[in-house]
Amino acid sequence: MTAAGPPSVGTPTAAEPSSVGTPTDAASPGADAARTGGPADSSGLRRLAVTTLDANWEHDHTVPSRTLYPHQWSWDSAFIAIGLAHVRPERAWRELASLFRAQWADGRVPHIVFNPALRVGAYFPGPEMWRSADVPGAPAVATSGLVQPPVHALAALLAYRRAPDPAGLAALRRLYPALVAQQRYLAERRDVAGDGLVCVVHPWESGLDNSPAWDEPMAAVPAEAAVMSAYRRHDTAHADAAHRPTDLDYARYLAIVAAYRDHRYADRDLAADHPFLVECPLFNAAFGAAEHALAEIAALVGGDPGPHRARAAQITEALVRRLYDPDTGTFQPRDLRTDRLVSARTVLGLAPLILPDLPTRQVDALVVEARSARFGVAPRMARPLPTYDRTAPDFEPLRYWRGPSWLNIGWLIRRGLLTHGHPELAAGLRRSMVGLVAGAGCHEYFHPDTGAGLGSPAFSWTAALLLDLLDD
């Protein structure tokens, strides 16, 4: 625990030094956007973000992008709601409500909710691969059977803090039981090792699909790249294949999906034969942060915050005990198949900073890791925050989660830095993130050296989190 005690999840305790919405560091990508035609002023960036979100609104939710992601994604909707609360608060609540209408009877919140109006084959893998309709307890709408990091309680709390009116409080009260059920599912069904942590059963559940963190556990999944000849990948039709997961990655992804689906998404026998079982630092940090947020929500809606606070403390203790590596000073995923920590140094290891009760020893170590040449967080950042160790020999600046910079990850790390009293570092990260959009627009992700936009253009969580950064 830090010397100041556990701060509120809804309001980081350290204020950033005064900074404007445009990057001030000449070295930062986007710093010269005004001279190159980019929307470098705050009002122009705000208009860009709002226009992007409005264009991606789909009657009761926001699609991540119109090019590659035509359905609703779970943690995307959480980040999107945070931004919508600044400009369209009623849509923020509709965003979350529409997602939780697809919650399964066991409490899981699926990582994809499919739009039934779209043709079969509009996205791969689509509902015909997941077959959720065959599973008792699944909702009427087609969904996947996987989950994603539970950042939704934090999103709901922040949406209410942004617009604390009676309508928002009523929406928060309606959502609270569903958020509790989401946490209960994870605690009761996904604690495979019985150690208090959640196990992800697919790399997609981590949100960082092809991170080097999964290379070791994925290598044990039997699959051949040749099986992909039977499928049509949509992602490589919209982005350079050199920027996306490989065919072998995808073959393994589908093998894991098939294994889980063929067991009807049941979690009771995962330890016996499921091919991918990993405890992820980011997922579990989000799991703990959700309990901190639920404690605040409970107090607002007349519930008991005590059990949430107790569970939050238990999760933090388990995360430090199981996933912190004192030799490297960072958190590492644990492969339950080998019971070993994964060696890759990825940005996942910094995510526990979002926990307000993370002990001082671990906070200090993570700040050292963040400031190292691997990640380069600084009051005046020369380059964006990468998702993987920049000094690693297999660092790939163009390939999805194997190097590029993503705004949602930077947003989480910045929040953790503020929570633990590092406003200068948080300000540097903020300027870097705003500079990315000023220079390249609301792209899905960005080159970690040049700041060039990569992946889908007009990406919703980039726009939403930009709004939050501009208003903070």
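Structure: above.
Note that this is a predicted model, so its numbers are computed, not measured.

Reading the values: the criteria
Residues numbered from 1 in each chain as written. Predicted model: local features only at pLDDT ≥ 70, side-chain atom pairs only at ≥ 80, totals over all residues. Heavy atoms only, no water. Salt bridge = Lys/Arg side-chain N within 4 Å of Asp/Glu carboxyl O. Helix = DSSP H or I, 4+ residues; strand = E, 2+ residues; numbered from the N terminus. Buried < 20%, exposed > 50% of the residue type's maximum accessible area, 1.4 Å probe, protein only. Pairing = 2+ DSSP bridges. Contact = heavy atoms within 4.5 Å. Axes fitted to C-alpha atoms, helices over the stretch in contact; angles between N-to-C directions. Parallel < 35°, antiparallel > 145°, perpendicular 65-115°, else oblique. Left-handed = near helix turned anticlockwise from the far one by under 90°. Expected span 1.5 Å × (residues − 1). Phe/Tyr/Trp six-rings, centres within 6.5 Å; stacked < 30°, edge-to-face > 60°.

Undergrad: Help me get a handle on the pattern of salt bridges, residues and values and all.
TA: For side chains bearing opposite charge, pairing can occur when the charged atoms are close. Tallied over the full model, the rule gives 26 salt bridges. One salt bridge connects Asp472 with Arg414, and the closest N-O pair in it is separated by 3.0 Å. Remark: Arg414 occurs in helix α16 (residues 407-419) and Asp472 occurs in the segment after α18 (460-471); sequence separation between them is 58 residues. The class for Asp472 is exposed, based on a relative accessible area of 51%. By sharing partners, the salt bridges in this structure join Asp106, Arg108, Arg189, Arg190, Glu205 and Asp267 into a single network.

Undergrad: I'd like a rundown of the sheet that holds strand β9 (residues 340-341), residues and numbers included.
TA: Taking strand neighbours across the sheet as the criterion, the 3 strands line up as β5-β8-β9 in an open arrangement whose pairing is antiparallel. Two strands bound the open sheet, and with one partner strand each, they are β5 (278-279) and β9. Pairing between β5 and strand β8 (residues 334-335): 2 bridges, direction antiparallel. Looking across to β8, one finds that Val278 is bridged to Asp335.

Undergrad: Would you mind going over the side chain of Asn56 in detail, with residue names and values included?
TA: For Asn56, the position within the fold is in the loop between α2 (42-55) and β1 (57-58). Leaving out residues up to four positions away in the same chain, Asn56 has contacts with His61, Thr62, Val63, Pro64, Ser65, Arg66, Ala458 and Ser460.

Undergrad: Can you explain the packing of helix α3 (residues 74-87) against α18? Please cite residues and give values.
TA: The description of two helices packed together rests on the angle between their axes and the distance between the axes. Across the interface, α3 lies against α18 with an axial gap of 8 Å and an inter-helix angle of 40 degrees. In terms of their interaxial angle, α3 and α18 are classed as oblique. Taken as a pair, α3 and α18 cross one another with a handedness that is left-handed. Of the residues in α18, those touching α3 at Trp75, Asp76, Phe79, Ile80, Ile82, Gly83, His86 and Val87 are Ser460, Trp461, Ala464, Leu465, Leu467, Asp468 and Asp471.

Undergrad: So, helix α13 (residues 281-301): which residues are in play, and what are the values?
TA: Taking 1.5 Å as the rise per residue, α13 with 21 residues should run 30 Å; its terminal C-alpha atoms sit 30 Å apart, in good agreement. Among the 21 residues in α13, 19 count as buried, and that is most of the element. Looking at the residues trailing α13, positive phi occurs at Gly302, about 90 degrees.

Undergrad: For the packing of aromatic side chains, give the residues involved together with the corresponding values.
TA: Summed over the entire model, instances satisfying the criterion amount to 22 aromatic pairs. Geometrically, the ring pair formed by Tyr69 and Phe459 is edge-to-face, given 5.9 Å between the ring centres and 75 degrees between the ring planes. Here the residue Tyr69 occupies a position in the loop between β2 (61-62) and β3 (72-73), and Phe459 occupies one in the loop between β11 (453-454) and α18, the gap between them amounting to 390 residues. Here Tyr69 falls in the buried class, since its relative accessible area comes to 7%. With a relative accessible area of 3%, Phe459 lands in the buried category. Through successive ring pairs, a cluster of aromatic residues spans Tyr69, Trp73, Trp75, Phe79, Tyr123, Tyr400, Trp401, Trp406, Trp411, Tyr445, Phe459 and Trp461.

Geometric descriptors of this kind do not, in isolation, establish any biological role.
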